[in-house]
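Chain by chain, the residues run as shown.
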Amino acid sequence: MVRSSAVSSSWNDPDFKTREDTFVASLTSLAVQRFALTVLSGPQAGNRLESTGERLAIGVHPANDLRLEDARVSRFHVELRVDARGVRVRDLGSRNGVFIDGVRVESGWIEHGSTLRIGKTLIRYELLGGTNRIPLSTSESFGGLYGASPAMRALFAVLERVAPTDTTVLLEGETGTGKEEAAHAIHEASPRREGPFVVLDCSAVPPNLIESELFGHERGAFTGAEGARTGLFEEANGGTLFLDELGELRPDVQPALLRVLEQREVRRVGGTRTISVDVRLVAATNRDLREEVTAGRFREDLFYRLAVVHARLPPLRERIEDLPALADLLLRRMGLDDVAIASVLTPELVKSIALGRWPGNVRELRNYLERCVVLGDVMPVHPVAPAEPSGPSPVDARMTYADARTDALARFERDYAAALLALHDGNVSAAARAAGLARPYLHRLLRRHGLR
């Protein structure tokens, strides 16, 4: 897979960086390794599929690249994804698991000639000669998003093509990767730019009020409904409605959303008449909705309707080469001039941010830079996981017991939440399950400590 250099001492070599930037900017497509899957046994024995891009999904749902008719295979069972280190296999929350050469894995690398068993189906994996080409944008930005890395320019190429249409877009990405920025950029690059851009964070609305928020209500529809209210679909008429954290949408509300997408009309809660709406929908989630479908928490038909165009925003750790320029851009957005930026963005700071895993991604990086600006010093970057303590944690005995305890708890919460999120690749649902926490509580911890 062609990719620019990872973080190294070459950042301090201007001649190397100029050559590297010129090479990366000249790329018009990204080369990824080709591979093939051959079904050795099971209902589709003899079938063969060659990869055409960087991701390939297997399951019984029609949206998969390799569709199987195996009763022990889940709707979305497993994904194979190419990156610089090879091809990674990831279980999409299947019921019966994924086995590489007889070993069950949740995520792992697969080698040429290995076998993949899912349900009663055995599949051989083999590398092929040559590469597939993924188009790259010639631009290093799209709306408020920035990225010169191949990963971001591949995203921009997709968004540039879909923005001028009315196609529904599903944005997936970890917390802080810029999904709302992407949605707004799609709106601004579309023929609907003069219309409204309306946002709803599905995780921030009480479950019993979500239908009223989306579809509106009539007077007396429920206790407290003292007057009629226009819903967000009506407010977004002629423009774009962005539904953030769509994975939080209650199952009993999902059929109503599907109906609106298919019929382009809404009925207010407690109402009898239908109201036509002309709205483009962009949805976002930090979960993998395929896993939610497999688990029965998200409607299969709604996913199919939403994922007309399915775009993934890469986390910062997959585009390390963007960090210096991204930090410069974020500081400029804070209002700093060239002199102030030079005083903040020192070689020490660049090295420091290169060491972080940034589970909160761009949002966490922005918060970190703001602290550096406010405090006038390079703040320590939290590592991937907190180091093993060599002795008692330092405490300030001049503080009251209550204040010291609160301070220590805050440090622990922040370190634990950052490490937990990093361990689970930014998947909040998986992190909450592993930690034994309720997902809303983990969301609050992440917000409290600037990690989302």
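Residues numbered from 1 in each chain as written. Predicted model: local features only at pLDDT ≥ 70, side-chain atom pairs only at ≥ 80, totals over all residues. Heavy atoms only, no water.

### Some remarks on a nonpolar patch on the surface
Stage number 1. A cluster of nonpolar side chains, namely Leu409, Phe412 and Tyr416, defines an oily patch on the protein surface of about 300 Å² accessible area.
Stage number 2. One can find tyrosine 416 in helix H13 (residues 401-423). (Patch = residues over 30% accessible without salt bridge, like charges linked within 9 Å, V, L, I, M, F, W, Y side chains within 5 Å. Areas by Shrake-Rupley, 256 points an atom, 1.4 Å probe, with all protein chains shown as cover. Salt bridge = Lys/Arg side-chain N within 4 Å of Asp/Glu carboxyl O. Helix = DSSP H or I, 4+ residues; strand = E, 2+ residues; numbered from the N terminus.)

### Here we look at the environment of serine 276
Stage number 1. For serine 276, the location among the structural elements is in strand E20 (residues 275-276).
Stage number 2. Residues in contact with serine 276, not counting those within four places in the same chain, are Asn237, Arg264 and Glu265. (Contact = heavy atoms within 4.5 Å.)

### Section: the packing of helix H9 (residues 323-333) against helix H12 (residues 361-375)
What describes two packed helices is the angle between their axes and the distance between those same axes.
Stage number 1. Interhelical geometry of H9 versus H12 gives an angle of 60° and a closest axis separation of 10 Å. Considering the angle they form, H9 stands oblique to H12. Relative to H12, H9 is oriented so that their crossing is right-handed. The segment H9 lies against H12, with Leu323, Leu326, Ala327, Leu330 and Leu331 engaging Val362, Leu365, Arg366, Leu369 and Val373.
Stage number 2. Taken together, the residues that form the contact of H9 with H12 break down as 9 nonpolar, no polar and 1 charged. (Axes fitted to C-alpha atoms, helices over the stretch in contact; angles between N-to-C directions. Parallel < 35°, antiparallel > 145°, perpendicular 65-115°, else oblique. Left-handed = near helix turned anticlockwise from the far one by under 90°. Nonpolar A, V, L, I, M, F, W, Y, C, P; charged D, E, K, R; others polar.)

### Comments concerning the confidence of the model for the protein
Stage number 1. Put simply, the protein has an average pLDDT of 84, and 86% of its residues get 70 or more.
Stage number 2. The least confident element of the protein, judged by mean pLDDT, is helix H1 (residues 14-26) at 42; the most confident is helix H3 (residues 179-188) at 97.
Stage number 3. Taken as a whole, residues 1-26 scores under 50 in pLDDT and shows 35 contacts with residues more than four places along the chain or in a different chain.
Stage number 4. Note that residues 383-392 has pLDDT below 50 and, in this model, 6 contacts with residues that lie over four places away or in other chains. (pLDDT = per-residue confidence, 0-100.)

### A closer look at the nonpolar core
Stage number 1. With 36 residues, the main nonpolar core has Leu214, Phe233, Leu241, Leu243 and Leu246 as its most contacted residues.
Stage number 2. Secondary-structure elements contributing two or more residues to this core are strand E15 (197-201), helix H4 (210-215), helix H5 (232-235), strand E18 (240-244), helix H6 (254-263), strand E21 (280-285), helix H7 (289-294) and helix H8 (300-306).
Stage number 3. For this core, the element with the highest residue contribution is H6, accounting for 5 residues.
Stage number 4. Leucine 246 has contacts with Cys202, Leu257, Ala283, Ala284, Thr285, Phe298 and Leu306, leaving out every residue within four places of it along the chain.
Stage number 5. Formed by 26 residues, the second largest nonpolar core is a distinct cluster that contains Val32, Leu66, Val82 and Leu116. (Core = buried A, V, L, I, M, F, W, Y, C linked by side-chain atoms within 4.5 Å. Buried < 20%, exposed > 50% of the residue type's maximum accessible area, 1.4 Å probe, protein only.)

### Quick notes on the side chain of asparagine 132
Stage number 1. Topologically, asparagine 132 is positioned in strand E11 (residues 121-135).
Stage number 2. A distance of 3.0 Å separates a polar atom in the side chain of asparagine 132 from the backbone oxygen of serine 51.
Stage number 3. Apart from the residues lying within four places of it in its own chain, the contact partners of asparagine 132 are Leu30, Ala31, Val32, Gln33, Arg34, Ser51, Thr52 and Gly53. (Polar contact = N/O pair within 3.5 Å; in protein donor to acceptor, adjacent residues only side chain to side chain.)

### Details of the pattern of salt bridges
Stage number 1. The full count for this structure, using the stated rule, is 26 salt bridges.
Stage number 2. Between glutamate 300 and arginine 75 there is a salt bridge whose closest N-O contact spans 3.3 Å. Here arginine 75 lies in the loop between strand E4 (66-67) and strand E5 (78-83) and glutamate 300 lies in helix H8, a separation of 225 residues in the sequence.
Stage number 3. What makes glutamate 300 partly exposed here is its relative accessible area of 26%.
Stage number 4. For arginine 75, a relative accessible area of 26% gives the class partly exposed.
Stage number 5. Between glutamate 79 and arginine 290 there is a salt bridge, with its nearest N and O atoms 2.7 Å apart. Of this pair, glutamate 79 sits in strand E5 while arginine 290 sits in helix H7; the two residues are 211 residues apart in sequence, bridging distant segments of the chain. For the pair glutamate 79 and arginine 290, one class covers both residues: buried.

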